[in-house]
Amino acid sequence: MLNDIFIAPFVDMVEAPDFLMQVLWEGLVSGILYALIALGFVLIFRSSRIFNFAQGIMVVFAALTLVGLFAMGVPAWLSVGLTLVVMFVLAVVIERVVLRPLVGQPDIILFMATIGITLFLIGLGETIFGGENKVMITEELGIPTGDTVLEPFGGLLILQHLDITVVIVATLLVLALLAFLNYTQMGRAIRALGDDHQAALSVGISLQTIWVLVWFIAGIIALVTGIAWGARAGVSFALEVIAYKALPVLMLGGLESITGAIVGGLMIGILEKLFEIYWGQPLLGGNTETWFAFVLALIVLLFRPQGLFGERIIERV
Amino acid sequence: MLYRTAGQFKTSYIADQALFPVRQDAFLLGIILIFGWVIFPMTASEFTVQTLLIPILIYALAAMGLNILTGFAGQLSLGTGAFMGVGAYACYKIITIFPELNPVIAILLSGFFSAGIGVAFGIPSLRIKGFYLAIATLAAQFFLAWLFEKWSWLYNYNASGAIQVPNSEAFGIFVMGPQAASITEYYIVLFVVTLLTVLCINLTRGNLGRTWKATRDMDIAAELIGINLLKSKLTAFAVSSYIVGVAGALYVFMWKGAAEPNVFYIQLSFQVLFIAIIGGLGSIMGNYLGAILIVGLPVVLNVVAGTQVFEMSTGSAILLIVLIAVATFLFGVARNLWGMGAAIGFGAVTLIYGYAQLHGFRIESAMIEHINVMIIGALIIFFLIIEPHGLNQLWRLIREKLIIWPFPH
């Protein structure tokens, strides 16, 4: 028993390094996607203290809109543009109709409101586009679909071109976002709002504009994630479950930290794959990916209650 | 008028702290109890008992359990579904191991198992707070849901992986399983729910309840005035999980009749959380109001929108108009223009739809399902906007205004 837990998995890893690399690569790709979703959460949380549960459904909704528009005969790249317009309208509507009347309410009420948005978007998406599975328009968008086979250590390592593209695009997106937050006026306004609402308001930063902007950025991230994940697994409402995966990422990284979201996402993506392949499947009957990330994050939180990179919680009476 | 408090003098602190400081409250509760225990069972059809009365009571009970934890003790939890599952599986094991045990006792016992697990997952709450704790309870949710699937001892190694409710007898009649009458099940549910509600009301008014409220309002301050946080938080987890577990056992054994692990997924947790929040955090009655809304609404929408053929007779149209008039009046008393508008709008849409249906206008049933989800989402947002503190607060405002009616102040 102890041998199965502490020795055998590592022996397997050393004996088949190519398989280990394959596992690590797949973990890295899903980790990057988790990190992207978590980034959407962090941006909204920092600027408005809203724990946005609707991030997951925004991914699905963006992907559905894209596929739906293409099915109506709109050219592929034009439908990407139109989807962005839809996400912008969504951001404005959410800010106007939901957030503005609820300003200053307790956190949990705003959290519930985002769950309300989730349900509404599920219903709306199904009403307009139907509930069945759809195929992402991968080729039409010019995303390569082949694969490259490498042979490290005399073994076999298959890299899907799609995954490589995802990694590159996601990295570029994250870099662009960081540049935006650090070097533009709007980006600095977002960070100022995250630090202190009152102070930001008093120097003339408009809360409404920033909220719309932040939700729109979350919408863009949702669209990219939706395309990437949709190309891997098809577009359906089952995609919503990946939003749950972003939650332990946030816990691990800390709710306010952009670095935390990225590091946490990669860590969870890789570790859960490793655990599933080397411990979960042989010992626990598989499918451990549903809970591993949460338990890992819970254990980390017991030692660091604010997450790895979160702001230190200081409480005063 | 209806709520005139003139002549009800309180001459001692005990009278002022009484359960019903206003006599009309006790009277109103009496009427509700008579409806619940006598009039509904006598008049309701099999369909109403199965789709409305039993689930409303069970969901209200689950929401009450969650409300103890979230509303009274301030610990946000998203693991309710899994704790309901623990109650249901514990009850299944108890019943299959001791078949001659009285099922009602088995249901009440099964709550202790979920209480134990609840305390175990409650321990991190001593260090982790707020949203971090909410996500931590998701660990319980996903881990337990996975366990229900993989640990075959829990469902006695049967091939389907689901738990089936056996027929079992008590007091000479079938009380659970396919052969039990709905009305028997209704009375058992009502008995358990009434019992636990009385328990909850008194717990939350007493010493323990005040400790919880102090912990909720600010745990460091509570600790400074000498409250043992460990005891306060863990008792909240224990009591809450006990009630949620019993609700889970009732959910499977008195209502569904069988359950697969996917019943206890996160959607159930959210549904219960909706009820607790829409009803009002930190209230007992709110859970019932919330359950009536969240459980009743989809049923009403389905019936109205015509999966069954809905022919609006003159009688039901008049009844609808009267109900809307009452709702509009109550909202008007509370000076809630949004609420008035919504009541009138909802009524108008229903009437127009009913009229259109008479002339052969129909929507496909799949479309109705989707629109239902959308309407429920929109209504959640709507209720949060008109009254963020829940239906209970809305009722409290209406009651305050009724006491001084017709004077504005």
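Computed from a predicted structure; not experimentally measured.

**Focus: the overall build of chain A**
No. 1: Assigned secondary structure in chain A consists of 12 helices and two strands.
No. 2: Along the chain direction, N to C, the helices and strands of chain A fall in the order α-α-α-α-α-β-β-α-α-α-α-α-α-α.
No. 3: Relative to the compact-globule value of 20 Å for 317 residues, chain A shows a C-alpha radius of gyration of 21 Å, a close match.
No. 4: Counting the 317 residues in chain A, one finds 44% classified as buried.
No. 5: Within chain A, contacts between residues separated by at least 24 positions form 74% of all contacts whose residues are at least 6 apart in sequence.

**Focus: the overall build of chain B**
No. 1: Each helix and strand counted, chain B has 16 helices and four strands in total.
No. 2: Here chain B has a C-alpha radius of gyration of 22 Å; the compact-globule value for 409 residues is 22 Å, and the two agree.
No. 3: Counting only residues that meet the buried cut, chain B has 41% of its 409 residues in that class.
No. 4: Considering only residue pairs separated by 6 or more positions, chain B has 77% of its internal contacts joining residues 24 or more positions apart.

**A few points about the nonpolar core**
No. 1: Counting residues in hydrophobic clusters, the biggest one holds 206 residues, and the most contacted among them are A:A38, A:A63, A:L250, B:I58, B:Y59, B:L61 and B:L250.
No. 2: Counting residues per element, this core draws most heavily on helix 10 (residues 229–256) of chain B, at 16 residues.
No. 3: With residues near it in sequence (within four places) discarded, B:L61 still touches B:V193, B:L196, B:I243, B:V246, B:A247 and B:L250.

**Describing helix 8 (residues 207–217) of chain B**
No. 1: B:T211, B:W212, B:A214, B:T215 and B:R216 are the residues of helix 8 of chain B that are buried.
No. 2: Those residues of helix 8 of chain B that are buried lie in contact with helix 3 (46–72), helix 9 (219–224) and helix 10 of chain B.

**Some points on the interface of chain B and chain A**
No. 1: Listed by partner, the interface residues are 33 residues for chain B and 37 residues for chain A.
No. 2: Counting residues per element, the ones that place at least two in the side of chain B that touches chain A are helix 6 (130–150), helix 9, helix 11 (266–279) and helix 15 (365–386) of chain B.
No. 3: Along the lines of polarity and charge, the residues of the side of chain B that touches chain A split into 29 nonpolar, two polar and two charged.

**Remarks on helix 16 (residues 390–404) of chain B**
No. 1: The terminal C-alpha atoms of helix 16 of chain B lie 22 Å apart, and with 15 residues this matches the ideal 21 Å at 1.5 Å per residue to within 8%.
No. 2: All of the buried residues in helix 16 of chain B are B:G390, B:L391, B:N392, B:L394 and B:I398.

**Section: the UniProt feature "transmembrane region" (unreviewed entry) in chain A**
No. 1: In the UniProt entry, the feature "transmembrane region" (unreviewed entry) is given for residues 23–45, 52–71, 77–99, 108–129, 164–184, 205–229, 249–271 and 283–303 of chain A.
No. 2: For residues 52–71 of chain A, helix accounts for 85% and strand for 0%, while the C-alpha atoms at its two ends are 30 Å apart.

**Some words on the environment of B:F112**
No. 1: Note on placement: B:F112 falls in helix 5 (residues 103–122).
No. 2: On a C-alpha basis, the gap between B:F112 and B:G122 in space is 15 Å, while along the polypeptide they are 10 residues apart.

**Regarding the confidence of the model for chain B**
A low pLDDT means the predicted coordinates there should not be read in detail.
All names here are of chain B.
No. 1: Within chain B, residue pLDDT values average 82, and 91% of them lie at 70 or more.
No. 2: Per-element confidence in chain B is highest for helix 10, whose mean pLDDT is 92, and lowest for helix 13 (residues 314–333), whose mean pLDDT is 71.
No. 3: For this predicted complex, the interface confidence score (ipTM) comes to 0.83, while the overall pTM stands at 0.86.

**Remarks on the pairing of strand 3 (residues 173–176) of chain B**
Where a strand is regular, its side chains alternate between the two sheet faces.
Residue and element names in this part refer to chain B.
No. 1: Sheet topology note: the strand 2 (residues 168–170)/strand 3 ladder contains three bridges and is antiparallel. By the bridge assignment, E169 is partnered in strand 3 with F174.
No. 2: A loop of two residues connects strand 2 with strand 3, the two strands running antiparallel in sequence, and F171 in this loop sits at a positive phi of about 55 degrees.

**Things to note about the packing of helix 7 (residues 182–205) of chain B against helix 10 of chain B**
Residues and elements named next belong to chain B.
No. 1: Between helix 7 and helix 10, whose axes approach to 11 Å, the crossing angle comes to 170 degrees. When the axes of helix 7 and helix 10 are compared, the pair comes out roughly antiparallel. Here E185, I188, V189, V192, L196 and L203 of helix 7 lie close against helix 10, whose contacting residues are V239, I243, V246, L250 and M254.
No. 2: Partitioning the contact of helix 7 with helix 10 into residue classes produces 10 nonpolar, no polar and one charged.

**Things to note about the environment of A:G81**
No. 1: Its location among the elements puts A:G81 in helix 4 (residues 76–99).
No. 2: Between the alpha carbons of A:G81 and A:A261 there is a distance of 27 Å; along the sequence they are 180 residues apart.

**Comments concerning the environment of B:I39**
No. 1: Tracing the backbone shows B:I39 in helix 2 (residues 23–43).
No. 2: Considered as a pair, B:I39 and B:L230 are 191 residues apart in the sequence and their alpha carbons are 45 Å apart.

**So, the packing of helix 3 (residues 55–71) of chain A against helix 9 (residues 207–233) of chain A**
Residues and elements named next belong to chain A.
No. 1: Put simply, helix 3 and helix 9 touch, their axes get as near as 7 Å, and they point 70 degrees apart. It follows that helix 3 is roughly perpendicular to helix 9 by the angle criterion. The crossing of helix 3 and helix 9 is right-handed. Facing helix 3, whose interface residues are Q55, M58, V59, V60, A62, A63 and L66, helix 9 presents A218, G219, A222, L223, T225, G226, I227, W229 and G230.
No. 2: Among the residues forming the contact of helix 3 with helix 9, the class breakdown is 11 nonpolar, five polar and no charged.

**Here's the deal with the confidence of the model for chain A**
No. 1: For chain A, mean pLDDT is 82; residues scoring 70 or higher make up 97% of the total.
No. 2: Ranking the helices and strands of chain A by mean pLDDT puts helix 4 of chain A first, with 88, and strand 1 (residues 147–150) of chain A last, with 72.

Procedures and definitions
Throughout this document, residue positions are counted from 1 along each chain, in the order its sequence is written. The naming scheme follows written order: chains are lettered A onward, ligands numbered 1 onward. It should be noted that, the model being predicted, local features are given only for residues of pLDDT at least 70 and side-chain atom pairs only at 80 or more, the latter also being counted only at that level, while totals for whole chains, interfaces and linings use all residues. What counts as a helix is a DSSP run of H or I of at least four residues, what counts as a strand is a run of E of at least two, and both are numbered from the N terminus. Here the globule rule reads 2.2 Å times residues to the power 0.38, and the radius of gyration is calculated from C-alpha atoms. Any residue surrounded by 20 or more other C-beta atoms within 10 Å of its C-beta is treated as buried, while 12 or fewer makes it exposed and the intermediate range makes it partly exposed; C-beta atoms here are placed from the backbone. Remark: residues whose backbone-derived C-beta atoms lie within 7 Å of one another are considered to be in contact. To count as a nonpolar core, a set of buried Ala, Val, Leu, Ile, Met, Phe, Trp, Tyr and Cys residues must be joined through C-beta atoms within 7 Å. Gly is placed with the polar residues, together with every amino acid not listed as nonpolar (Ala, Val, Leu, Ile, Met, Phe, Trp, Tyr, Cys and Pro) or charged (Asp, Glu, Lys and Arg). How far a helix is expected to stretch is found by multiplying one less than its residue total by 1.5 Å. UniProt positions are given in the numbering used here, feature names are shortened, and annotations may be inferred rather than shown by experiment. pLDDT expresses, on a scale from 0 to 100, how confident the predictor is about each individual residue. Any two strands with at least two DSSP bridges between them are considered paired. Only the stretch in contact is used when a helix axis is fitted, and all axes are lines through C-alpha atoms; the angle between N-to-C directions ranges over 0 to 180 degrees. The labels follow the angle: roughly parallel below 35 degrees, roughly antiparallel above 145, roughly perpendicular from 65 to 115, and oblique for the rest. By the definition used in this description, the sense in which the near helix is turned from the far one sets the handedness, with an anticlockwise turn below a right angle giving left-handed and a clockwise turn giving right-handed.

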